[in-house]
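Remarks on the overall topology
Residues per chain, in single letters:
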Amino acid sequence: WLRLNSSKAVVSTQSTGELLTPFSAWDGQDYNDLQLLIKVKGKCTTDHISAAGPWLKFRGHLNNISNNFLITATNSENGEMNSIKNVVSGEFGPVPGTARDYKAAGIGWVVVGDENYGEGSSREHAALEPRHLGGKAIIVRSFARIHETNLKKQGMLPLTFADPADYEKVQPGDKVSILGLKEFAPGVPLTCKLTHPDGSSDEFSLNHSFNENQIGWFKAGSALNKMAEK
């Protein structure tokens, strides 16, 4: 169930009684030097993002179910599932564990994806988990519409390459800056700057489908946070 009051939005889960504190509001600054968590290759449904099956027993416990985040998505760097480079440790490890390491180190991160990212069932955990694990943005060639909206509700930035070919510019280990957030407005593209491990960089436009109300969700930290302000 949901409990809203003037200061916060709290989700109480089904079986464990876990209480989730509200997601943090946007700090008013551009996102600079976010870490690329994973560049997903090919099909990535909500079942790739948040696996079902035995994981469903944790659907009432966000922290536990987040251990299934993107574990069956294919990493473009090595063609493997659930094996990504952790820039903190220098080792390859699971996607959820790496995201948790970045969150603990205060490193925001992004996921890059391919076409129709988030297709399939409208699984809300697929949007809650990246936010819970410290994600800031999902940048893809195209989104499934419902998943795109669910990400917005959790204060994430679902963004698309203005030129889908720019997906190919993203390299392992990249730092990702998302610029133009101070002027965030409907219909106005944002700018992505990639800083590659060799020191070179690329810059290109990112499109979004936010309206004014949804931009309010982002600034407040989530749709629930925005509702609680009223």
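See the structure shown above.
Residues numbered from 1 in each chain as written. Predicted model: local features only at pLDDT ≥ 70, side-chain atom pairs only at ≥ 80, totals over all residues. Heavy atoms only, no water.

1. Overview of the overall build of the protein
Convention followed: Counting from the N terminus, the helices are the DSSP runs of H or I reaching at least four residues and the strands are the DSSP runs of E reaching at least two. Under the scheme applied here, a residue whose accessible area is under 20% of the maximum for its type counts as buried, over 50% as exposed, and between as partly exposed, the area being computed with a 1.4 Å probe on protein chains only. The contact rule is simple, with two residues in contact once any of their heavy atoms fall within 4.5 Å. The method behind every accessible area is Shrake-Rupley, applied with a 1.4 Å probe, and residues are considered shielded solely by the protein chains displayed.
A count of helices and strands for the protein gives seven helices and twelve strands. Within the protein, the proportion of its 230 residues that are buried is 48%. Within the protein, contacts between residues at least 6 apart in sequence are counted, and of these 65% link residues at least 24 apart. Roughly 10,300 Å² of accessible area belongs to the protein as shown, and the carbon and sulfur atoms make up 49% of that amount.

2. Overview of the pattern of salt bridges
Opposite charge on two side chains lets them pair, provided their charged atoms get close. As a reminder of what qualifies: In what follows, salt bridge is the name for a side-chain nitrogen of Lys or Arg lying within 4 Å of a carboxyl oxygen of Asp or Glu.
Inspection of every chain in the model, using the stated rule, returns four salt bridges. What you see here is one network of salt bridges that share partners, running through D114, R141 and E168.

3. Some details on the environment of E119
With respect to the secondary-structure elements, E119 resides in the loop between β7 (109–113) and α4 (125–132). The class for E119 is partly exposed, based on a relative accessible area of 23%. A sequence separation of 24 residues divides E119 from F143, and the C-alpha atoms of the two residues are 7.5 Å apart. Every residue in contact with E119, bar those within four places of it in the chain, is listed here: K43, C44, T45, T46 and A144.

4. Some points on the pairing of strand β11 (residues 190–195)
Just so we agree on the cut-off: Pairs of strands are assigned from DSSP output, requiring at least two bridges between the strands.
Alternating residues of β11 divide into L190, C192 and L194, all buried, and T191, K193 and T195, none buried. When strand β10 (residues 175–179) meets β11, the two strands line up antiparallel, connected through five bridges. Bridge assignment links L179 to a residue of β11, and that residue is T191. The turn joining β11 and strand β12 (residues 201–207), which pair antiparallel and follow one another in sequence, is formed by five residues; a positive phi near 95° is taken by G199.

5. A few points about the sheet that holds β12
Two strands in a sheet stick together by hydrogen bonds in their backbones, pointing the same way (parallel) or opposite ways (antiparallel). Convention followed: Structural elements are reduced to axes, namely lines fitted to C-alpha atoms, with helices fitted over the stretch in contact, and the angle between N-to-C directions of any two is expressed from 0 to 180 degrees.
Taken in spatial order, the seven strands line up as β4-β7-β8-β9-β12-β11-β10 and close into a barrel, and their pairing is mixed. Taken over all neighbouring pairs, the strand axes of this sheet differ in orientation by 35° on average, direction set aside. Contacting β4 (31–39) and β7, helix α3 (residues 95–104) runs over the sheet at an angle of about 165° to β4.

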